[in-house]
Amino acid sequence: MAPQETRLIFKHIDEEGYTNDIDCYVKNGGYEQLKKAVTMKPEDICAEVLTSGVRGRGGAGFPAGMKWKFLDRKSGKPIYLVCNADESEPGTFKDRQIIHQDPHQLIEGMMCAAFAIQAKLAFIYIRGEFFQGYKILERAIEEAREKNFLGDNILGSGYSCDIIVHRGAGAYICGEETGLIESLEGFRANPRIKPPYFPAALGAYQCPTIVNNVETLCDVKHIIEMGGEGFAKIGTPGNTGTRIWCVSGHVQKPGYYEFACSDVTLGQLIYDVCGGLKPGRKLKAVIPGGSSAKILRADERFTGKLKDGTEFDWGIEDIPMDFDSLMAVGSMSGSGGVIVMDDTTDMVEALANINYFYAHESCGQCTPCREGVPWMRKVTQRMVDGEAREEDADLLKSIADQIAGRTICAFGEAASWPVQSFIAKFKDEFVEKAKEQAARRKEGQEVAKETTLI
Amino acid sequence: MNLKPETIEKIDKLVPRYPTVRSAALPLCHLVQEDQGYLSQEAMEWIAERLGLQPINIIEIVTFYPMLRTEPTGEYHVRVCRTLPCALAGAYQTCKSFEKEFGCKVGHTSEDGKVTLEFVECHADCGKGPVVMVGEDEYTDIDPEKAAEMATKMKNGEFPKGL
Ligand SMILES: Cc1cc2nc3c(=O)[nH]c(=O)nc-3n(C[C@H](O)[C@H](O)[C@H](O)COP(=O)(O)O)c2cc1C
Ligand code: SF4
């Protein structure tokens, strides 16, 4: 039997007759949590969020309550809240659904969070490509303002806060929180070095700033409704709440599916929820958390110990979908983007595709990233163009090893992990590519194969 | 600069909302680009002047962000996502179909100025790849046949420009 979804954030997504205007939202119980929140003490809301254990849904999985605790409140400077709606990690398409279909859920979550941290002003940084999403949010904010759910003296509480929707313009690095802040301030999105520029201490306009993902901020609304302890009952300890898994690639039914953390395994997700692979195909590999996450090979055995000491011995299909399990198998749940590849996939081409992306997106501040990432792209492009060398796999790994850990922001890792993991798991295919091409060259045949992924 | 009155109005409303004037730089680039179709040297200088910045402050962001353009596009602006999930769904073949129909290579504008065809990176709708944008409108599940149909309509001027 297919495992059951737990639709918390996506309760109304794709529901017949559910519209994205404020009347529909209010009719379905909307803004009740904000009404409750403004009667609470801000620090009590922060405490509930800490108790809930909710971890960031944007990529790094850092506990939101902890991040809020790091806010520098002593400085006396204004506090800002930023919703990261850049949704730029390849394979991720969950925030889009919230923005398009249930924007008021996000606004309510944001206003609850803003009240909790006593933000002076809030921003939604939305990727530029979401033309329609931007218009929807602008309209929703005006609707909420008319009903006094944001703006001056919200619901008579004495607390005032507005939301500005700020559009990006096509640069992936704006998803990185300090790059985002630079962009918000009107500069190139060059990420800042941490320390000292942890946003909670020195963020937007050099003021304490909380940056959270769209889904994380929606969770805040549900935490107020259920209480931190109630929320923590969903999922497992350390992996609380639900996750929205965005499945793309070679499955019959790609799409977005919300499950309590650990409620579904990767195998169930692919075969029971997404209808499996196309007829006659076999699973080859999965990237489980957006294109930056390390790839998993279908025939691997994953063994080791979880954080709590329990030993595991899993095949790819047994991996529970949650933060810690995916970390334990050497990858990450990241932004929830699950990219599935079947046995028709040429791994050299797939990596060439990924390298193209990162080479396009490096901001160029750090030498290892600016020089190394395009170099990796050049090597994989040369390989698919018919000039593969047997030593290319080692060369790629060596370049990636010299980028990761040596850059200002985590883009360095994001660009290196795919290369490191593809080589670790599919080195044979990279070497084979060179051998095949050599053989074809000897036979006087066309050396490069026609490509499909690059 | 000949901006539409509604653009000026939007700009005047937007600038004072931000904690700093400079924060309005990127939004102004968007608004002026929407008004003019692209950002000319004159437009960049105008934005700088409006915000009390130097032209270089605007030029450096225009040259950083892929969506900001210093040249006009063709009548139709077709953007094909080529990132891995869309590629696995056949985006490169979709793009080839557009190239063939338009007689123009990706990354270029057709000679008759009808269409600019570009590759773009992930548009966050990976469950419905290949994803194609025409102007500001999104089209999903575009296989080579659908691409050819879209292209034919564009050539006949029967397809929405998405502006
Ligand atoms: C290269 C890079 C790209 C990122 N892109 C996004 C993004 O598109 N959306 C997002 O929410 N977080 C993204 N992040 C993570 C953010 O830096 C930040 O950790 C996150 O927004 C914090 O919110 P959370 O704690 O609620 O997850 C990215 C990080 C890196 C290094
Ligand atoms: S790692 Fe890359 S993207 Fe990040 S700051 Fe350095 S050059 Fe820019």
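Keep in mind it's a predicted model, so treat the numbers as computed, not measured.

**Q** Kindly report on the confidence of the model for chain B, identifying the contributing residues and their values.
**A** Here chain B shows a mean pLDDT of 97. Residues at 70 or above account for 100%. With a pTM of 0.97, the predicted complex shows an ipTM of 0.97.

**Q** Before we move on, can you summarise the interface of chain B and chain A with the specific residues and values?
**A** Residue-level contacts link 42 residues of chain B with 62 residues of chain A. Each partner contributes to the roughly 4100 Å² buried at the junction of chain B and chain A, and carbon and sulfur atoms together form 60% of this total. Summed over the shared surface of chain B and chain A, the number is 5 salt bridges. Notably, a salt bridge pairs Arg96(A) with Asp125(B), separated by 3.7 Å at the nearest N-O pair. Summed over the shared surface of chain B and chain A, the number is 21 residue pairs in polar contact (both at pLDDT 80 or more). No other element matches helix H2 (residues 25-36) of chain B, which puts 6 residues into the side of chain B that touches chain A. Its residues assigned to classes, the side of chain B that touches chain A comprises 22 nonpolar, 9 polar and 11 charged.

**Q** Before we move on, can you summarise a nonpolar patch on the surface with the specific residues and values?
**A** Taken together, the side chains of Leu50(A), Phe62(A), Met66(A) and Phe70(A) present a nonpolar region at the surface, about 360 Å² in accessible area. The exposure class of Met66(A) is partly exposed, given its relative accessible area of 35%.

**Q** Break down the domain arrangement of chain B for me, citing the residues and quoting the values.
**A** Per the domain assignment, the segments of chain B are domain 1 (5-62) and domain 2 (76-155). Between the C-alpha centres of domain 1 of chain B and domain 2 of chain B there is a distance of 30 Å.

**Q** Explain the sheet that holds strand E5 (residues 137-139) of chain B residue by residue, including any values.
**A** Residue and element names in this part refer to chain B. In spatial order, the strands read E2-E3-E1-E4-E5; together these 5 strands make up an open sheet with mixed pairing. A strand with exactly one partner marks an edge of an open sheet, and here the two such strands are strand E2 (108-109) and E5. As paired elements, strand E1 (residues 76-81) and strand E4 (residues 132-134) share 3 bridges and run antiparallel to each other. Bridge pairing in E4 places arginine 79 opposite methionine 133.

**Q** Break down the site of ligand 1 for me, with residues and values.
**A** All names here are of chain A. Taken together, 17 residues form the shell around ligand 1, and within it Gly58, Asn84, Asn212, Asn213 and Thr216 come nearest. A distance of 2.9 Å is found between an oxygen atom of ligand 1 and a side-chain nitrogen or oxygen belonging to asparagine 84. A distance of 3.0 Å separates an oxygen atom of ligand 1 from a polar atom in the backbone of glutamate 177. For ligand 1, the protein covers 91% of the area, taking 610 Å² as the surface of the free molecule. No other element matches strand E4 (residues 209-213), which puts 3 residues into the shell around ligand 1. Looking at the shell around ligand 1, its residues break down into 3 nonpolar, 8 polar and 6 charged.

**Q** Tell me about the pattern of salt bridges, residues and numbers included.
**A** Residues and elements named next belong to chain A. Under the criterion given, the structure shown has 43 salt bridges over all chains. Between lysine 194 and glutamate 177 there is a salt bridge whose closest N-O contact spans 2.9 Å. With lysine 194 in the loop between helix H8 (177-184) and helix H9 (199-202) and glutamate 177 in helix H8, this residue pair connects regions lying 17 residues apart in the sequence. The network of salt bridges with common partners includes Arg57, Lys94, Asp95, Glu215 and Asp219.

So, how was this worked out
- Residues numbered from 1 in each chain as written.
- Chains lettered and ligands numbered in written order.
- Predicted model: local features only at pLDDT ≥ 70, side-chain atom pairs only at ≥ 80, totals over all residues.
- Heavy atoms only, no water.
- pLDDT = per-residue confidence, 0-100.
- Contact = heavy atoms within 4.5 Å.
- Buried area = accessible area lost by both parts, 1.4 Å probe.
- Salt bridge = Lys/Arg side-chain N within 4 Å of Asp/Glu carboxyl O.
- Polar contact = N/O pair within 3.5 Å; in protein donor to acceptor, adjacent residues only side chain to side chain.
- Helix = DSSP H or I, 4+ residues; strand = E, 2+ residues; numbered from the N terminus.
- Nonpolar A, V, L, I, M, F, W, Y, C, P; charged D, E, K, R; others polar.
- Patch = residues over 30% accessible without salt bridge, like charges linked within 9 Å, V, L, I, M, F, W, Y side chains within 5 Å.
- Areas by Shrake-Rupley, 256 points an atom, 1.4 Å probe, with all protein chains shown as cover.
- Buried < 20%, exposed > 50% of the residue type's maximum accessible area, 1.4 Å probe, protein only.
- Domains from an automatic or database assignment.
- Pairing = 2+ DSSP bridges.
- Near = heavy atom within 4 Å.

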